[in-house]
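Overview (structure and organization)
In case you want the letters, here they are:
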Amino acid sequence: MKKKILMRGNDAVAEAVIRAGCRHYYGYPITPQNEIPEYLAQKFPELGGTFVQAESEIAAACMVLGSSAAGVRTMTSTSSPGMTLKLEAISYMSGARLPCVIVNVMRGGPGLGNIAGSQSDYFQATKGGAHGDYQSIVLAPENVQEFADQTMLAFDLSDKYRVVAMVLGDGYLGQMSEPVVLPDPVQSVPKKPWALTGKKGRDQQVLASLRLLPDALGNHNIDLQNLYAEITKAEVRFDSYMTEDADYLIVAYGTCARVSRTAIKALRNSGIKVGLFRPITLWPFPSAQIGELAKKVKKILTIEMCMGQMVQDVRLSVGCKTEVDLYGVAGGVIPDVDKIVERIKSYE
Amino acid sequence: MHKEMIIAGFGGQGVLVAGKIACIAAMTEGKHVSHIPSYGAEMRGGTAHCGVVISDEPVSSPVVVNPDICMVFSTPSLNKFEPRLKKGGILIYNTSLIKEKPKRDDIVAIAIDANDISLKHGSKNGMNMAMLGALVKKVPEIAKLDSLKAALDEGMTERNKKHNPTNATIMTDAYNLIS
């Protein structure tokens, strides 16, 4: 068995970036994700990588765009207010089919909000965020191990489909240290024949989001939708815990899923059968799986570190099959186990 | 076994390192652990603290609000965290720097001259190690003294590893001094 080491979430992400074969990082500092660029700034020089602390988030995201067009694995990391600034480049990359990985260590909003962990960027991450009909793959870790593993996975998915892949953590996951078994380094990174490498010996290649003719842009959008349908079919990921005999179902991701597990144990000890469904991909969202579970339970409680965003996707998945309740917290606190227990008990 | 702990002191007293060493020691004994620092607008000379959870079960929330154990290195930390300790909780406080007495009578207060123990072994910076020695003596479920000493290899930065033998001695001395 490989050795477990104690590692901070942000450091584990940065190490996973290196192990995924990424050598091009562009960023701009923001708490609570600063350990990611700090780690890479230290390690990249000896690995022959490129680390740039740009003049702004917008510049950093555009540098990622350029690097991606040149065919290398590239990424940026940020936290919520910085994510907003990076959206322009994300829309352009999605339009031009340029892969990249973005790690958003969410903090509280709106605006500058605060620096504590939050989940209030769910809409921004999963519903586009920027302009145009596009989707990014969104992965949601619940512990440091998954934060590292999903960072590796994000590179693979992003390259496979040529879309932006985001790892959506939060300030708690970024700052906390936990035992982690680091993933093995990749042996090689995928070849990208579409990349702009100089046209000597081949035909000209163009990577652009601009398509002035209605037909060209229309067909491009249809292609994108077909791609998103393919991703939805193949890449839905989720986890479930004690759902087999559950009368009540909690739907929660990331940090909220951790506290839900503790609440479920306490509830089961007092004879109330509760289970947890945890979306791992927030896009594509595991709608069908939640819809199936909805047929079997009396009520669903969605728990979020925001005032209720994922709950809308849960309601769409459930339709009229059962009632969906929300327990949302804001301001940078983690949902309270006792309050979860109390809420579920109130359904009895 | 499930223990939630807050370690608090001035920035620079080794608060975060102490939490990390305790976590590594417990982790090597197969326990679930988490460590989270207070982060953000911290300043030199201000208070720093970290939350540590050590459990037989996977850790749900890493944030510690009302700890079972509190280790305080300085007077402001005592004042801030003593009220948050659970009833019957353990307070380990550094009497080298803290001249006040804990106020509560529903907790177990353990006094230790942590800076003096460190200085006795020729180190100005080993106070946190003395606190850890006292911790595992009073709360043996966290980790064995040997695991704590072994954790120095993984937990200390390269530049500080040369102090590991001294730090291990300080841990042992504090462990033996606490009854």
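Described below are features of the structure shown in this document. (Residues numbered from 1 in each chain as written. Chains lettered and ligands numbered in written order. Predicted model: local features only at pLDDT ≥ 70, side-chain atom pairs only at ≥ 80, totals over all residues. Heavy atoms only, no water.)

1. Digging into unusual backbone geometry
All names here are of chain A. In this model, G109 is joined to P110 through a cis peptide bond whose omega is 0°. With respect to the helices and strands, P110 occurs in the loop between β5 (100–106) and α5 (122–126). Along the chain, W283 connects to P284 via a cis peptide bond; the corresponding omega equals 0°. Looking at the element boundaries, P284 is found in the loop between β12 (281–283) and α10 (287–294). (Helix = DSSP H or I, 4+ residues; strand = E, 2+ residues; numbered from the N terminus.)

2. Considerations on the interface of chain A and chain B
Contacts between the two partners involve 22 residues from chain A and, on the opposite side, 20 residues from chain B. When chain A packs against chain B, close to 1,600 Å² is buried across both sides, 64% of that on carbon and sulfur atoms. Contact with chain B buries surface across chain A, with A:L6, A:Q175 and A:R258 losing the most and accounting together for 32% of the total. Applying the counting criterion to the chain A and chain B interface returns two salt bridges. For A:K265, the salt bridge goes to B:E57, with nearest N and O atoms at 3.0 Å. Applying the counting rule to chain A against chain B returns seven residue pairs in polar contact (both at pLDDT 80 or more). Here the element with the most residues in the side of chain A that touches chain B is helix α9 (residues 255–269) of chain A; it accounts for four residues. By residue class, the composition of the side of chain A that touches chain B is 10 nonpolar, six polar and six charged. (Contact = heavy atoms within 4.5 Å. Buried area = accessible area lost by both parts, 1.4 Å probe. Salt bridge = Lys/Arg side-chain N within 4 Å of Asp/Glu carboxyl O. Polar contact = N/O pair within 3.5 Å; in protein donor to acceptor, adjacent residues only side chain to side chain. Nonpolar A, V, L, I, M, F, W, Y, C, P; charged D, E, K, R; others polar.)

3. Observations concerning helix α6 (residues 144–161) of chain A
Residue and element names in this part refer to chain A. Between its first and last C-alpha atoms α6 spans 26 Å; for 18 residues at 1.5 Å apiece the expected length is 26 Å, and the two agree. Buried residues dominate α6, accounting for 13 of its 18 residues. Between a side-chain oxygen at the N-terminus of α6 and the backbone nitrogen of Q145 the separation is 3.3 Å; the capping residue is N143. In the segment just after α6, R162 is the residue with positive phi, at about 55°. (Expected span 1.5 Å × (residues − 1). Buried < 20%, exposed > 50% of the residue type's maximum accessible area, 1.4 Å probe, protein only.)

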